[in-house]
Amino acid sequence: MKAIRRFTVRPVLPDPLQPLSDLARNLRWSWHTETRELFQAVDPEGRHAADSDPVRLLGAVSAGRLAELALDQRFLHRLTEASAALREYLNGPRWYQEQVARGAELPAAVAYFSPEFGVTAALPQYSGGLGVLAGDHLKAASDLGVPLVGVGLLYRRGYFRQSLSRDGWQQEHYPLLDPNELPLTLVREADGTPSRVVLALPGGRSLHACIWQAQVGRVPLLLLDSDVEENAPGEREVTDRLYGGGSEHRLLQEMLLGIGGVRAVRTYCRLTGHAAPEVFHTNEGHAGFLGLERIRELSGTGLDFDSSVEAVRAGTVFTTHTPVPAGIDRFDRELIARHFGDDGELPGVGVERILQLGMETYPGGEPTLFNMAVMGLRLAQRANGVSTLHGAVSRQMFAGLWPGFDAAEVPITSVTNGVHAPTWVAPEIFGLRARYGGTPGRWDAAAGIPDREIWDLRRTLREQLVTEVRTRLAASWRTRGAEPAELGWIDGVLDPDVLTIGFARRVPSYKRLTLMLRDRDRLTELLLHPTRPIQIVVAGKAHPADDSGKRLVRELVRFSDDPRVRHRIVFLPDYGMAMAQKLYPGCDVWLNNPLRPLEACGTSGMKAALNGCLNLSVLDGWWDEWFEPDFGWAIPTADGSAIDEDRRDELEANALYELIEERVAPRFYDRGDDGLPERWVEMVRRTVGTLGPKVLAGRMVREYVERLYAPAALSHRSLDAATARELADWKARARAAWPRVAVDHVEAVAPSGIGGSAELGAMLALRVRIALGALEPDDVEVQAVAGRVDSADSISDAQFFPLKPTGGQDLEGRWLYEGPLALDRTGPYGYTVRVLPAHPLLATSAELGLVALPTEATGDGAGLLMR
């Protein structure tokens, strides 16, 4: 019989065990080994499967067992120590507080918005790398003491669970999640009623949401949930699943995340006394509507729209994660118009003003579409990509928003992602490092670990992976309809002494899940090599709507089903955090072969590296930035060649096979007299000790604090209402006047004259006449731009030399600017002059996207040949 109503009966813990509740409700247990071990001791035989979730575990353990633990003095001592450690962690000063004590001007709080958060498998609110990165960001912020507030949505059906049909086709399942059975607490008003945020919808309808709180160490994570009684059935389903539904469904999710998220933060701060955020960080464009809600807030204080935009921009950071336009959410302008204005959100604000923030009004853009990333960039004074290469790709991709500027000057910087070591590093590796002096801040201890201990641990971890794979593979085959009698072969799947390669990620086409299958005979030879075999563990999910991705999964599965190779290559369904934490430590090599440069960062290889797994990857994302032969191998690519995609795949697959056959496998199997592969072990040591510190989320969050959050907070503080109005007025004046700004004449004077060449070390004196129209010299910056030139006279590796006004205007209203230009490089050399807007509150001179350059007829020519 089926129950007509479901609810959760919570356990009543004996008084001595009350601290268990606090430990279970703080997700620090997900990365704190001692706390996890404490909960394992509650149920040492693992009789109550709780998916490693202490909240569910405590709800399943019998009252008798709890009574027994309440009298267990050894357990109570461990509980007291764990509880005291948590209190010290939550309340003691950490890196951030130390910086403030030393006089650093840092934000009182930062609000961090993301559409997904991968904190733990027990809270399945993520689909892939974006969410896991967001979870690692919160954890590292907690460890560093950064006063962050996370904001997301609570998806009642999460992302999907993946299984396989008998023929290998991906199947999706959406189990219903009960928030009362998750490590969450409902945010309530002082009178005990649940707090609510409300959004206005067209036609007089409303979208209500309650707020659930997960505690991620020191960081509160607020998750909005539309499944509340006040909503009509359609509105209740807004937060049903991650990345589900059509355009309007996605728009409502993103409105709730951005607009409702700001309102949730205000509610939380009001109820708890938490400092109000001075900086708002938008992790991808999905949360971009938070800027509109903050504009609405400021408009209520009397600021006009343009002044409010300036105030909002000052304290906003935008992070883009996609290297392709297709990865950005875009909505039809009519859909946006219907949901804003007097019949929806932001009444009193003209819909056209809202539309202008997101429309693709630049060459190559689609003017009928509202682009969430474009809005994010226009409403953020600071923006970044997630690796050095991705920053360059992003500057090129969004260059249309800054016409007249070379892509290199587009104001999008980069902060390379990092990963949270306590979450992803196997406890055995931490234990080995600790025995040789390693601490959370010291990774160089790997240098002192004997080769034998490193190699023996690598084999132990590989053996654990083999056991895990066999268990998961058997479960998968049973789901596919196999009988137990058919599965005896699984006991021989994988070998703990064979070189093990891992490949696990989402399955969009650019990640090329099946590149390894390009030449199946050659792959089979590698798998079955008589003396240097390899084995491959593959996992990954295709988006439910991506049939091409599902076909890739089926192709890989069918190959791995072949009895000739199924003991050497496996596909594991339902890839997620729990599986990943087993995969990374157990693999020897982590494979990544995307189409370069379409991998924004690729953090899975970072997690593998922290476990001593060597990377075998295309030079894309973070690997392009930090690759060294000590850490692994770079797969040659043909991305700069004018060849079709099929030919490119063929070339790069052949390069992959050759690397494995000629370099990777020989190094793994090349053993000394003591049976150890010395060169391989040294690569493991260098990967952990030298590469390890670079890929840490702590390094990443410190960069965000120092390079983005702190400057944003200072900008926010400097823009009070009067200053915001002044800046908005100045920008309007500069834009109106700019069509009349021009470089009228340029001349260069050298002591010995100047022809077509000059000598290294010479100094040119530049004299430039500038028309400023209605602007004054204080409103602009005049620069000489110089560097090497190509055959088309394009300047590269540019240097910038300021020119200063001398005297007043001439009779024609032009201003004279002068300055020196040092000729400090040899070879073809050239220069030009440009005028830029200048104001002390601009983050960069490119902020307005305005620049005035000479016409071809201006001046005396600019090409020089240096010698």
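So, here is what we can say about the structure in this document. Going along each chain's sequence as written, the residues are numbered from 1 onward. Totals for whole chains, interfaces and linings use every residue, but because this is a predicted model, local features are given only for residues with pLDDT of at least 70 and side-chain atom pairs only at 80 or more, for both listing and counting. As a rule here, side-chain values come from all non-hydrogen atoms in the structure, and water together with hydrogens is ignored.

## Description of the overall build of the protein
Line of reasoning, step 1. Runs of H or I in DSSP of at least four residues are treated as helices and runs of E of at least two as strands, each being numbered from the N terminus. In terms of helices and strands, the protein carries 27 helices and 28 strands.
Line of reasoning, step 2. With C-alpha atoms as the basis for the radius of gyration, the globule rule is written as 2.2 Å multiplied by the number of residues raised to the power 0.38. For a compact globule of 867 residues, the expected C-alpha radius of gyration is about 29 Å, and the protein comes in at 30 Å, within 12% of that figure.
Line of reasoning, step 3. C-alpha extents for the protein along the principal axes are approximately 95 × 70 × 50 Å.
Line of reasoning, step 4. Three exposure classes are used, based on accessible area relative to the maximum for each residue type with a 1.4 Å probe and protein chains only: buried under 20%, partly exposed in between, and exposed over 50%. For the protein, with 867 residues in total, the buried portion stands at 57%.
Line of reasoning, step 5. We call two residues in contact whenever any of their non-hydrogen atoms come within 4.5 Å of each other. Of the contacts made within the protein by residues no fewer than 6 positions apart, 73% connect residues no fewer than 24 positions apart.
Line of reasoning, step 6. Charged residues are defined narrowly, with Lys and Arg counted positive, Asp and Glu counted negative, and His plus the chain ends left uncounted. The atom standing in for a charge is NZ when the residue is Lys, CZ when it is Arg, CG when it is Asp and CD when it is Glu. Side chains of the protein give 96 positive and 115 negative charges; the mean places of these two sets differ by 4 Å.

## So, the nonpolar core
Line of reasoning, step 1. By nonpolar core is meant a set of buried Ala, Val, Leu, Ile, Met, Phe, Trp, Tyr and Cys residues that side-chain atoms within 4.5 Å join together. In this structure, Leu499, Met516, Ile536, Leu616, Trp633 and Trp680 are the most contacted members of the largest nonpolar core, which totals 101 residues.
Line of reasoning, step 2. The residues contacting Leu616, other than those within four sequence positions of it, are Val589, Trp590, Leu591, Asn592, Trp633, Ile635, Leu656, Leu659, Ile660 and Val664.
Line of reasoning, step 3. Leu201, Leu222, Phe340 and Leu357 belong to the second largest nonpolar core, which has 55 residues in total.

## Concerning the environment of Trp738
Line of reasoning, step 1. For Trp738, the position within the fold is in the loop between helix H27 (721-737) and strand E21 (742-749).
Line of reasoning, step 2. Under the relative-accessibility criterion, Trp738 is labelled buried at 7%.
Line of reasoning, step 3. When the C-alpha positions of Trp738 and Val410 are compared, they lie 19 Å apart, and in sequence the two are 328 residues distant.

## Let's talk about the packing of aromatic side chains
Line of reasoning, step 1. Working definition: rings of Phe, Tyr and Trp (its six-membered ring) pair if their centres are within 6.5 Å, and the pair is stacked with planes under 30 degrees apart, edge-to-face with planes over 60 apart, and tilted otherwise. All told, the structure shown has 18 aromatic pairs when counted by the stated rule.
Line of reasoning, step 2. For a lysine, the NZ atom is tested; for an arginine, the CZ atom; a charge sits over a ring if that atom is within 6 Å of the ring centre and within 35 degrees of the ring normal. Positioned above the aromatic ring of Phe160 is the side chain of Lys541, whose terminal nitrogen or guanidinium carbon lies 4.9 Å from the ring centre.
Line of reasoning, step 3. In this structure, Lys607 is placed above the aromatic ring of Trp424, and the distance from its NZ or CZ to the ring centre is 4.6 Å.

## Comments concerning helix H5 (residues 73-91)
Line of reasoning, step 1. Compared with the 27 Å implied by 1.5 Å per residue over 19 residues, the 27 Å span of H5 between its first and last C-alpha is a close match.
Line of reasoning, step 2. Residues of H5 that are buried: Phe75, Leu76, Leu79, Ala82, Ser83, Leu86 and Tyr89. The arc enclosing the buried residues of H5, seen along the axis, measures out at 150°, which places them on a common side. Away from its buried face by more than 90 degrees, H5 exposes Gln73, Arg74, Thr80 and Asn91.
Line of reasoning, step 3. For H5, the elements touching its buried residues are helix H1 (19-25), helix H2 (33-42), helix H4 (63-70) and helix H7 (129-144).
Line of reasoning, step 4. The backbone nitrogen of Arg74 has a side-chain oxygen 3.1 Å away, supplied by the residue at the start of H5, namely Asp72. What a helix is expected to span follows from its residue count: subtract one and scale by 1.5 Å. For this quantity, the arc is that covered by the directions from the helix axis to the C-beta atoms. By the criterion applied in these results, polar contacts are pairs of N or O atoms within 3.5 Å in which, for protein atoms, one can donate a hydrogen and the other can accept it, and in which residues neighboring in sequence qualify only through two side-chain atoms.

## Remarks on unusual backbone geometry
Line of reasoning, step 1. With omega at 5°, the peptide bond leading from Arg596 into Pro597 counts as cis.
Line of reasoning, step 2. Its place among the elements puts Pro597 in the loop between strand E18 (589-592) and helix H22 (604-610).
Line of reasoning, step 3. Phi at Tyr243 takes a positive value of approximately 55°, unusual for a residue other than glycine.
Line of reasoning, step 4. By the element assignment, Tyr243 lies in the loop between helix H8 (233-236) and helix H9 (247-272).
Line of reasoning, step 5. One non-glycine residue, Asp793, lies in the positive phi region at around 65°.
Line of reasoning, step 6. Within the secondary structure, Asp793 sits in the loop between strand E24 (780-789) and strand E25 (795-809).

## A short note on the packing of helix H18 (residues 451-479) against helix H21 (residues 577-586)
Line of reasoning, step 1. The axes used here are C-alpha line fits, helices contributing only the stretch in contact, and every angle between their N-to-C directions lies in the interval 0 to 180 degrees. For the pair H18 and H21, interaxial distance at closest approach is 8 Å and the crossing angle is 140°. By the angle class used here, H18 and H21 are oblique. Of the two possible hands of crossing, H18 and H21 adopt the one that is left-handed. Where H18 abuts H21, its residues Arg458, Leu461, Arg462, Leu465, Glu468 and Arg472 lie against Ala578, Met579, Lys582, Leu583, Pro585 and Gly586.
Line of reasoning, step 2. When residue character is reported, Ala, Val, Leu, Ile, Met, Phe, Trp, Tyr, Cys and Pro are called nonpolar, Asp, Glu, Lys and Arg charged, and the others, Gly included, polar. Of the residues in the contact of H18 with H21, the class split is 6 nonpolar, 1 polar and 5 charged. Note on terminology: angles under 35 degrees are roughly parallel, angles over 145 are roughly antiparallel, angles of 65 to 115 are roughly perpendicular, and the others are oblique. We call a crossing left-handed when the near helix sits turned anticlockwise from the far one by less than a right angle, and right-handed when that turn is clockwise.

## A look at H18
Line of reasoning, step 1. With 29 residues, H18 extends 42 Å between its outermost C-alpha atoms, agreeing within 8% with the 42 Å of an ideal straight helix rising 1.5 Å per residue.
Line of reasoning, step 2. Positive phi appears at Gly481, one or two residues downstream of H18, with a value of about 105°.

## Points about the pattern of salt bridges
Side chains that carry opposite charge are capable of pairing whenever their charged atoms lie near each other.
Line of reasoning, step 1. Salt bridge, as used here, is a side-chain nitrogen of Lys or Arg placed within 4 Å of a carboxyl oxygen of Asp or Glu. Per the stated rule, a full pass over the model turns up 60 salt bridges.
Line of reasoning, step 2. For Arg156, the salt bridge is made with Asp227, and the minimal N-O distance between the two is 3.2 Å. Taken as a pair, Arg156 in the loop between strand E2 (148-153) and strand E3 (161-164) and Asp227 in the loop between strand E8 (219-225) and H8 lie far apart in primary sequence, 71 residues in all.
Line of reasoning, step 3. With a relative accessible area of 16%, Arg156 lands in the buried category.
Line of reasoning, step 4. The exposure class assigned to Asp227 is partly exposed, which follows from its relative accessible area of 25%.
Line of reasoning, step 5. Of the charged contacts, one joins Glu310 and Lys731 as a salt bridge, the two residues approaching to 2.8 Å between their closest N and O atoms. Within this pair, whereas Glu310 is found in helix H11 (residues 305-314), its partner Lys731 is found in helix H27, the two being separated by 421 residues in sequence.
Line of reasoning, step 6. Here the salt bridges share partners, and the residues they tie into one network are Arg156, Asp225, Asp227 and Arg236.

## Let's talk about the pairing of strand E1 (residues 110-113)
Line of reasoning, step 1. With burial as the criterion, each face of E1 is covered, one bearing Val110 and Tyr112 and the other bearing Ala111 and Phe113.
Line of reasoning, step 2. Examined bridge by bridge, E1 and E2 share 4 bridges and lie parallel to one another. Counterpart to Val110 in the pairing with E2 is Leu148.
Line of reasoning, step 3. Since E1 and E2 lie parallel, the crossover through H7 that links them has a hand, and here it is right-handed.
Line of reasoning, step 4. By this definition, two strands are paired if DSSP reports at least two bridges between them. The pairing of E1 with strand E9 (residues 279-283) spans 4 bridges and is classified as parallel. Note that in E9 the partner of Val110 across the bridge is Val279. Here, the term right-handed applies to a crossover whose path from the first strand over the helix to the second runs clockwise when the strands point away from the viewer.

## A word on the environment of Asn654
Line of reasoning, step 1. Structurally, the position occupied by Asn654 is in helix H24 (residues 645-669).
Line of reasoning, step 2. When the C-alpha atoms of Asn654 and Arg518 are compared, they prove to be 8.4 Å apart, with 136 residues separating the residues in sequence.

## Brief notes about the sheet that holds strand E20 (residues 632-635)
Line of reasoning, step 1. The strand order across the open sheet formed by 6 strands is E17-E16-E15-E18-E19-E20, and the pairing between neighbours is parallel. A strand with exactly one partner marks an edge of an open sheet, and here the two such strands are strand E17 (569-572) and E20. When strand polarity is set aside, the average angle formed by the axes of neighbouring strands in this sheet is 20°.
Line of reasoning, step 2. Here E18 runs beside strand E19 (residues 614-618); their pairing, made up of 4 bridges, is parallel. Residue pairing in the sheet places Leu591 in a bridge with Leu616 of E19.
Line of reasoning, step 3. Sheet contacts for helix H20 (residues 547-561): strand E16 (534-539) and E17; angle to E17, the most-contacted strand, approximately 135°.

## Side note on the environment of Glu248
Line of reasoning, step 1. Position of Glu248 relative to the elements: it lies in helix H9.
Line of reasoning, step 2. Classification of Glu248 as partly exposed rests on a relative accessible area of 32%.
Line of reasoning, step 3. Counting along the chain gives 589 residues from Glu248 to Pro837, while the straight-line C-alpha distance between them is 39 Å.
Line of reasoning, step 4. If we skip the residues at most four places from it in the chain, Glu248 touches Leu335, Arg338 and His339.

## Topic: the packing of H11 against H27
Line of reasoning, step 1. Viewed as axis vectors pointing N to C, H11 and H27 meet at an angle of 110°, and their least axial separation amounts to 8 Å. One way to sum up the angle between H11 and H27 is to call them roughly perpendicular. Contacts between H11 and H27 involve Asp306, Ser307, Glu310, Ala311 and Arg313 on the former and, on the latter, Ala724, Arg725, Leu727, Ala728 and Lys731.

## Comments concerning the side chain of Ser226
Line of reasoning, step 1. The topology assignment puts Ser226 in the loop between E8 and H8.
Line of reasoning, step 2. In this structure Ser226 comes out as buried when scored by relative accessible area, which is 0%.
Line of reasoning, step 3. Polar contacts involving the side chain of Ser226 include one to the main-chain carbonyl oxygen of Arg236, which spans 3.1 Å.
Line of reasoning, step 4. Within the local environment of Ser226, its side chain forms a polar contact with the backbone nitrogen of Val238, the two atoms lying 3.5 Å apart.

## Quick word on the pairing of strand E26 (residues 814-822)
Line of reasoning, step 1. One ladder, built from 9 bridges, connects strand E23 (residues 763-771) with E26; its direction is antiparallel. Note that in E26 the partner of Val768 across the bridge is Tyr817.
Line of reasoning, step 2. Where E25 and E26 come together, 3 bridges link them in antiparallel fashion. Across the sheet, the residue bridging to Pro805 is Tyr817, located in E26.
Line of reasoning, step 3. The antiparallel hairpin formed by E25 and E26 contains 4 residues in its connecting segment, where Gly813 sits at a positive phi of about 80°.

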